[in-house]
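# Observations on the model geometry
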Amino acid sequence: MKPVLLCTSVLAIGAMTAGVAQARDNIQIAGSSTVLPYATIVAEAFGENFDFPTPVVEGGGSGAGRKKLCEGVGENTIDIANSSSRIKQSDIDLCAQNGVTEIMEVRIGYDGIVFASDIAGPDFAFTPEQWFNALAAEVVKDGAVVANPNKTWADVDAALPAQNILAFIPGTKHGTREVFDLNVLEQGCKGSGAYDAFVAASTGADDEAKKAEAAEKCLALRTDGASVDIDGDYTETLARIDANKNAIGIFGLSFYQNNTDKLKVAAMSGITPSVETIASGEYPVSRPLFFYVKKAHIGVIPGLKDYIEFFVSDDMAGPDGPLAAYGLVSDPELAATQAAVAAETPMGPLE
Amino acid sequence: MTDLSAGLPHAPRSLFEADARTRRRNAAEARFRFYGMAAVAVGILALVFLLVSILGNGLSSFRQTGIELQVTLDAAVLDKAGNRNPEDMKKVTTVGYGKIIGAALVEGLAGAGIDTSALTTKQVSALLSDEAPRRLRDMVLADPSLVGQTVPFRALASGRVDGFLKGRVTMESARLDSNVSPEQLEVVQAMKDHGMLSLAFNPSFFTNADASELRPESAGLGVAMLGSLYMMIIVLVLSLPIGVAASIYLEELAPQNRWTDIIEVNIANLAAVPAIVYGILALALFINFMGLPQSAPVVGGLVLTLMTLPTIIIATRAALKAVPPSIRDAALGVGASRMQTIFHHVLPLAMPGILTGTILGLARALGESAPLLLIGMVAFVKDYPSAPPQGFMEPASALPVQVYQWTQRADPAFVERASGAIIVLLVFLIAMNATAILLRRRFERRW
């Protein structure tokens with residue numbers, strides 16, 4: 001009978017410890033996988049140099065992180081959501097509904113999105129128009145809207161190499177895809193005149209409906225295998241390019257900088273992506289990176305404010321800090337962010 | 001039987017001379033044998049390919065490059081107050097210690113007569129891991145009397161330098177690599193020739209926690225192994241008594257009716273439910289409803305318990321069923337109660353089978369990562385959880401989760417780490433399965 005007794009008592013003790021609510025003393029962070037490496041670098045340095053435990057950082061994607069942030073206030077909800085795109089009104093509404101009324105928005109810097117191919121392949125220099133004509137489901141040819149007939153990059157533009165079109169682009173759940181849609185496809189669609197042709201060809205009821213249909217067509221990609229959505233992360237894209245030397249993939253600048261011995265980067269609109277060209281705003285495909293802090297947790301979770309201040313300090317997010325070394329493009333307005341963090345200014349309504 | 005009479009040859013023939021039909025049948029048999037062998041060969045090939053690729057990638061993670069240095073711990077920098085009080089000395093961050101180690105390296109290179117004129121001081125310091133200052137700082141804070149002395153210190157080399165010694169980074173790749181230059185590698189080669197730098201067994205792979213992308217060389221499995229251990233303790237403590245109690249009731253005491261049938265069918269079904277489903281259940285029940293902390297081994301252990309229970313119940317019931325009824329009849333016949341019969345006779349005889357099933361269930365739980373995705377265990381956890389029971393509630397990682405995370409990192413040095421972690425995980429699984437087989441061999445009884 002002894003083992004039975006032992007098991008029962010252990011069970012009882014287990015149930016009791018589980019029932020006691022614990023005060024959480026570590027910071028919990030979740031969100032964008034693009035911001036994740038930066039957050040881990042800061043968390044690691046924070047744990048080393050402060051008397052607080054190292055924050056726990058999770059990935060999961062920008063949208064998922066913001067949703068978790070908005071689950072409510074309390075120790076079993078996260079403190080910070082990392083995000084590679086700006087918070088949406090729907091998130092703010094969800095937050096307000098769950099009692100999370102004050103959110104601090106902290107912009108940590110910029111990330112460039114680069115187009116890269118196998119190191120041994122030919123050189124590329126793109127424009128948004130070329131990307132649109134290569135990947136869109138329907139393009140304008142000789143004044144008429146037709147299904148995309150382009151097979152090689154040379155079909156798109158004679159200046160490009162005669163290499164089959166094959167692009168690995170991030171899946172729709174990624175923040176990177178939003179930037180690609182907005183800064184490349186939409187720009188290319190308008191720049192090549194396809195947008196106007198779509199509006200003209202639309203059968204919508206009024207002007208608004210026609211514009212909406214055209215905008216939707218701008219982002220519709222061909223489905224014949226030339227454009228492949230990658231739902232995993234950049235390591236998957238890199239592995240696919242390794243297996244398919246003809247392909248062109250989309251990466252974050254920091255990922256490219258860590259794999260310059262395998263990848264060759266392409267210029268966009270004549271600008272080669274680098275920390276300098278992104279910081280100056282010359283390189284067109286870049287985006288700000290954010291994290292969002294639940295203000296109600298400041299002062300409750302130990303070290304939360306110290307962590308945020310440490311994150312945006314010049315030692316970390318500055319142009320010579322470890323984040324810049326890893327590929328983050330430092331924010332020229334970092335001083336304003338530091339002041340806002342020090343004053344714990346919550347974000348206002350979205351413009 | 002009709003075939004037999006129809007197929008009989010009319011003329012008698014020698015048995016030593018196969019006729020066409022016999023030859024056909026023999027050929028069919030030979031083909032069938034070949035198919036079987038081919039199937040086995042495919043399986044073996046897959047296993048060999050897996051092992052070769054994992055061992056080839058991962059064995060190098062058990063060795064790590066270190067740089068032998070003589071570090072002068074300058075009291076004027078590290079202890080401005082001059083009272084050797086760790087509280088005051090904490091003000092010096094890892095940046096300050098980094099400068100001291102960098103200076104020690106420059107000095108060491110000069111002492112060995114290695115030409116570093118092609119490199120800037122920053123490039124020389126870049127040969128060292130970012131982890132080195134933290135280790136030195138911990139060492140000094142633990143023993144403040146070291147300040148003012150010159151101490152020997154083995155600093156980890158950076159990931160690219162380590163890759164160079166392991167053959168992953170070459171002069172050609174360095175030319176294209178933005179993180180390391182051929183000039184740096186020439187200095188590394190000279191250091192190696194002078195014996196300043198060497199590959200050695202890497203205990204920190206087992207003791208360190210995860211590390212950020214800037215320092216893959218210091219990433220280790222410590223927190224993941226401890227987290228997995230904590231979860232296995234919880235799984236064992238909860239699932240064994242619950243599973244055995246449920247099986248004894250169902251097998252020995254429950255009446256045979258529609259209800260017990262339904263329960264039986266559902267247990268069999270639960271054993272086949274995909275693991276991620278348990279993760280969703282855990283998120284809703286343990287975290288959102290019961291308010292247990294995220295990323296904690298207690299939640300992971302509870303999910304894995306739910307997942308392992310059906311396996312254990314099925315194994316235990318099979319073990320109980322294998323005990324012959326004559327044992328029960330004899331016990332009852334000499335006046336034992338139902339409970340005495342079960343605990344004195346049936347259960348001890350069924351124990352080897354139960355333990356085997358439990359160990360196999362634990363092995364499956366150890367390798368599972370899907371249910372942990374949703375409860376916040378797929379996270380960057382740097383601090384060790386404290387001792388149980390408090391540690392059960394503190395964030396931890398797990399072995400399969402660590403593998404998953406390392407495969408997603410951008411730095412190629414993490415590929416080696418991921419394969420190394422897979423080797424460790426496989427060793428644990430093989431050990432558990434071997435224990436199960438040994439137990440069965442040693443204690444199994446046949447009637």
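Everything quoted here is computed from the prediction, not taken from an experiment. (Residues numbered from 1 in each chain as written. Chains lettered and ligands numbered in written order. Predicted model: local features only at pLDDT ≥ 70, side-chain atom pairs only at ≥ 80, totals over all residues. Heavy atoms only, no water.)

### Thoughts on the interface of chain A and chain B
Chain A puts 40 residues into the contact, and the matching count from chain B is 46 residues. Buried area between chain A and chain B, both sides added, is near 3,600 Å², and the carbon and sulfur share of it is 54%. Together, Glu44(A), Glu48(A) and Asn76(A) form the three largest contributors to the area buried by chain A at its contact with chain B, with a combined 17%. Where chain A packs against chain B, one counts four salt bridges. Between Arg215(B) and Glu48(A) there is a salt bridge; the shortest N-O distance is 2.4 Å. At the surface where chain A touches chain B, the tally comes to 15 residue pairs in polar contact (both at pLDDT 80 or more). Sorting the residues of the side of chain A that touches chain B by element identifies helix H1 (2–19), helix H2 (36–49), strand E2 (56–60), helix H11 (253–258) and helix H15 (322–326) of chain A as the ones contributing at least two each. No other element matches the seven residues that H2(A) contributes to the side of chain A that touches chain B. Here the residues of the side of chain A that touches chain B sort into 18 nonpolar, 14 polar and eight charged. Where E2(A) lies against strand E4 (residues 379–380) of chain B, two bridges are found, and the strand directions are antiparallel. (Contact = heavy atoms within 4.5 Å. Buried area = accessible area lost by both parts, 1.4 Å probe. Salt bridge = Lys/Arg side-chain N within 4 Å of Asp/Glu carboxyl O. Polar contact = N/O pair within 3.5 Å; in protein donor to acceptor, adjacent residues only side chain to side chain. Helix = DSSP H or I, 4+ residues; strand = E, 2+ residues; numbered from the N terminus. Nonpolar A, V, L, I, M, F, W, Y, C, P; charged D, E, K, R; others polar. Pairing = 2+ DSSP bridges.)

### Concerning the domain arrangement of chain A
Residues and elements named next belong to chain A. Domains assigned within chain A are domain 1 (25–111 + 287–342) and domain 2 (122–244). Computed over C-alpha atoms, the centres of domain 1 and domain 2 are 33 Å apart. Between domain 1 and domain 2, the residue contacts involve five residues of the former and five residues of the latter. Between domain 1 and domain 2 lies a buried interface of about 390 Å² when both sides are counted; carbon and sulfur atoms form 43% of it. Linking Lys 88 and Glu 178 is a salt bridge whose minimum nitrogen-to-oxygen distance equals 3.8 Å. Across the contact surface, domain 1 and domain 2 share zero residue pairs in polar contact (both at pLDDT 80 or more). A class-by-class count of the residues in the side of domain 1 that touches domain 2 yields no nonpolar, three polar and two charged. (Domains from an automatic or database assignment.)

### Observations concerning the sheet that holds strand E3 (residues 197–201) of chain B
Residues and elements named next belong to chain B. Taken in spatial order, the three strands make up an open sheet running E2-E1-E3, and their pairing is antiparallel. Every other strand in the sheet has two partners, leaving strand E2 (150–156) and E3 as the edge strands with one partner each. Taken pair by pair, the neighbouring strands of this sheet meet at an average axis angle of 40 degrees, ignoring direction. Examined bridge by bridge, strand E1 (residues 63–72) and E3 share five bridges and lie antiparallel to one another. In the strand pairing of E3, Arg 63 is matched with Phe 201. Helix-sheet contacts for helix H5 (residues 94–111) involve E1 and E2, and the interaxial angle to E1 is about 90 degrees. Contacting E1 and E2, helix H7 (residues 131–142) crosses the sheet at an angle of about 140 degrees to E2. (Axes fitted to C-alpha atoms, helices over the stretch in contact; angles between N-to-C directions.)

### Let's talk about the packing of helix H14 (residues 275–289) of chain B against helix H15 (residues 297–321) of chain B
Residue and element names in this part refer to chain B. Orientation of H14 relative to H15, taken along the N-to-C sense of each, is 135 degrees, at an axis distance of 10 Å. Regarding the angle of H14 to H15, the classification is oblique. Handedness of the H14/H15 crossing: right-handed. Contacts from Ala 275, Tyr 278, Gly 279, Leu 281, Ala 282, Phe 286 and Ile 287 of H14 reach H15 at Val 299, Leu 302, Val 303, Leu 306, Met 307 and Pro 310. Here the contact of H14 with H15 is composed, by residue class, of 12 nonpolar, one polar and no charged. (Parallel < 35°, antiparallel > 145°, perpendicular 65-115°, else oblique. Left-handed = near helix turned anticlockwise from the far one by under 90°.)

### A look at the packing of helix H12 (residues 222–253) of chain B against helix H17 (residues 338–366) of chain B
Residues and elements named next belong to chain B. Packing of H12 against H17 leaves a shortest axis separation of 9 Å and a crossing angle of 140 degrees. Classified by the angle their axes make, H12 and H17 are oblique. At the point where H12 passes H17, the crossing takes the right-handed sense. For the pair formed by H12 and H17, the contact residues are Ser 228, Met 232, Val 235, Leu 236, Leu 240, Val 244, Ile 248, Glu 252 and Leu 253 on the first element and Arg 338, Ile 342, Val 346, Leu 347, Ile 354, Thr 358, Leu 362, Ala 365 and Leu 366 on the second. Within the contact of H12 with H17, the residues separate by chemical class into 14 nonpolar, two polar and two charged.

### With respect to the domain arrangement of chain B
All names here are of chain B. Parsing chain B into structural domains produces domain 1 (2–58), domain 2 (62–218) and domain 3 (222–443). Centre-to-centre separation of domain 1 and domain 3, based on C-alpha positions: 41 Å. Listed by partner, the interface residues are four residues for domain 1 and five residues for domain 3. Between domain 1 and domain 3, the buried area comes to about 460 Å², and carbon and sulfur atoms account for 79% of it. The largest per-residue losses of area from domain 1 upon contact with domain 3 belong to Ile 54, Asn 57 and Gly 58, which jointly make up 81% of the total buried on that side. For the interface between domain 1 and domain 3, the tally reads zero salt bridges.

### Regarding helix H10 (residues 234–243) of chain A
Taken together, the buried positions of H10(A) are occupied by Tyr234(A), Thr235(A), Thr237(A), Leu238(A) and Ile241(A). Projected down its long axis, H10(A) carries its buried residues within an arc of 160 degrees, all on one side. (Buried < 20%, exposed > 50% of the residue type's maximum accessible area, 1.4 Å probe, protein only. Arc of directions from axis to C-beta.)

### Digging into the state of the cysteines
Residues and elements named next belong to chain A. Throughout the structure, instances matching the rule amount to two disulfides over all chains. Covalent S-S linkage joins Cys 70 and Cys 95, the inter-sulfur distance amounting to 1.9 Å. Its S-S torsion of about -75 degrees marks the bond between Cys 70 and Cys 95 as left-handed, since a negative value means left-handed. Of this pair, Cys 70 sits in the loop between helix H3 (62–69) and strand E3 (80–83) while Cys 95 sits in helix H4 (residues 89–97), and the two are 25 residues apart along the sequence. (Disulfide = S-S within 2.5 Å.)

### What to know about the nonpolar core
Judged by nonpolar contacts, the single largest core of 80 residues is most densely connected at Phe115(A), Phe126(A) and Trp131(A). For this core, the leading source of residues is H2(A), giving eight residues. For this core, the two domains that each supply at least three residues are domain 1 (25–111 + 287–342) and domain 2 (122–244) of chain A. One finds Met231(B), Met307(B), Trp406(B) and Ile423(B) within the second-largest nonpolar core, a separate group that totals 53 residues. (Core = buried A, V, L, I, M, F, W, Y, C linked by side-chain atoms within 4.5 Å.)

### A short note on unusual backbone geometry
Cis geometry is found at the peptide bond from Pro388(B) to Pro389(B), where omega equals 5 degrees. A positive phi angle, close to 50 degrees, is found at Ser269(A), a residue other than glycine. Looking at where Ser269(A) falls in the secondary structure, it is placed in the loop between strand E12 (267–268) and helix H12 (275–279). With a relative accessible area of 40%, Ser269(A) lands in the partly exposed category. One non-glycine residue with positive phi stands out, namely Glu344(A), at about 55 degrees. Along the polypeptide, Glu344(A) turns up in the segment after helix H16 (334–342). Glu344(A) sits in the partly exposed class, given a relative accessible area of 22%.

### Concerning the environment of Ala268(B)
The residue Ala268(B) is located in helix H13 (residues 258–270) in this model. For the pair Ala268(B) and Thr72(B), spaced 196 residues apart in sequence, the C-alpha to C-alpha distance is 66 Å.

### Re H14(B)
All names here are of chain B. Here H14 is 15 residues long and its end C-alpha atoms lie 20 Å apart, about the 21 Å a rise of 1.5 Å per residue gives. Helix geometry: H14 is bent most strongly at Ala 282, by close to 30 degrees. Turning to H14, its buried residues number three or more, namely Ala 275, Tyr 278, Gly 279, Ala 282, Phe 286 and Ile 287. Buried positions along H14 lie against H13, H15 and helix H18 (370–373). (Expected span 1.5 Å × (residues − 1). Bend = angle between axes of the 7 residues up to and from the residue.)

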